[in-house]
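# Per-entry structural report
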Amino acid sequence: WPLFIRNFHISGFDPITYHVLLDWHQGYDVVRHPLLAWMMLPLSWLNTALTHMLGTNCVLYIEAALLTTCGYFSCVLIYRTIHRVIGTTPFVAWLLTALTLSFAYIMLATVVADHFCLSLLMLTLTLYRAGMKMRRGSKFGAAEAITLFTVTAGITLSNGIVVLMA
């Protein structure tokens, strides 16, 4: 771990998710990420089981699957927000989605073993759900708001503010 952390040089990103999946522990700052390590626990168990069954560590594959899934659904939600909430044509929505995903920070967030891709997914989900509620003239139900707040703020506490504003 010290060798890995010493040679990990992507400014603003920490490979804590990789380490939590590799050898589960409360690796995150609990004040900033109150539930994130607990959210990673099932994936850590999966890695442990696969490691024992296959004889090789599968943390990179599990992390890649997690980031790919979160990145894909973030892309879908960005497109739907632009198309359905804002009301653009499908072509313009695809162009704006491609533009959004071409930003360097977004590209990095989808490939670096950190929590930013999870935050991207939850924040785009919040934006989409709030936009659809606004279009319909309705409000979040208590259960949906509490669940969305708990999961989003559990990843990063500052994300909870976005949910509260929505």
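Residues numbered from 1 in each chain as written. Predicted model: local features only at pLDDT ≥ 70, side-chain atom pairs only at ≥ 80, totals over all residues. Heavy atoms only, no water.

When its secondary structure is counted, the protein shows nine helices and zero strands. Reading the protein from its N end, one meets helices and strands in the order α-α-α-α-α-α-α-α-α. Along the first, second and third principal axes, the C-alpha set of the protein runs to 50 × 35 × 30 Å. A buried classification covers 38% of the 166 residues belonging to the protein. In the protein, of all internal contacts separated by at least 6 residues, the share reaching a separation of at least 24 is 57%. Per element, the accessible surface of the protein, about 9,600 Å² overall, is 72% carbon and sulfur. (Helix = DSSP H or I, 4+ residues; strand = E, 2+ residues; numbered from the N terminus. Buried < 20%, exposed > 50% of the residue type's maximum accessible area, 1.4 Å probe, protein only. Contact = heavy atoms within 4.5 Å. Areas by Shrake-Rupley, 256 points an atom, 1.4 Å probe, with all protein chains shown as cover.)

Taken as a whole and judged by the stated rule, the model has two salt bridges. Between Lys133 and Glu144 there is a salt bridge, with the nearest N and O atoms lying 3.4 Å from each other. In this pair, Lys133 is assigned in helix H7 (residues 116-136) and Glu144 in helix H8 (residues 142-155), connecting sequence segments eleven residues apart. With a relative accessible area of 14%, Lys133 lands in the buried category. Where salt bridges share partners, they join Arg129, Lys133 and Glu144 into one cluster. (Salt bridge = Lys/Arg side-chain N within 4 Å of Asp/Glu carboxyl O.)

In a pair of packed helices, the angle between the axes and the distance between the axes together describe the arrangement. The interhelical angle for the contact between helix H4 (residues 59-86) and helix H5 (residues 90-101), taken along N-to-C directions, is 135 degrees, at an axis separation of 9 Å. When the interaxial angle is binned, H4 and H5 end up oblique. As H4 packs across H5, the resulting crossing turns out to be right-handed. On H5, the residues that touch Cys75, Ile78, Tyr79, Ile82 and His83 of H4 are Pro90, Ala93, Trp94, Leu96, Thr97, Thr100 and Leu101. Grouping the constituent residues of the contact of H4 with H5 by class yields nine nonpolar, three polar and no charged. (Axes fitted to C-alpha atoms, helices over the stretch in contact; angles between N-to-C directions. Parallel < 35°, antiparallel > 145°, perpendicular 65-115°, else oblique. Left-handed = near helix turned anticlockwise from the far one by under 90°. Nonpolar A, V, L, I, M, F, W, Y, C, P; charged D, E, K, R; others polar.)

With respect to the helices, strands and loops of the structure, Ser119 is situated in helix H7. Relative accessible area serves as the criterion here: at 6%, Ser119 is assigned to the buried category. Excluding residues that lie within four positions of it along the chain, Ser119 makes contacts with Ile155, Thr156 and Asn159.

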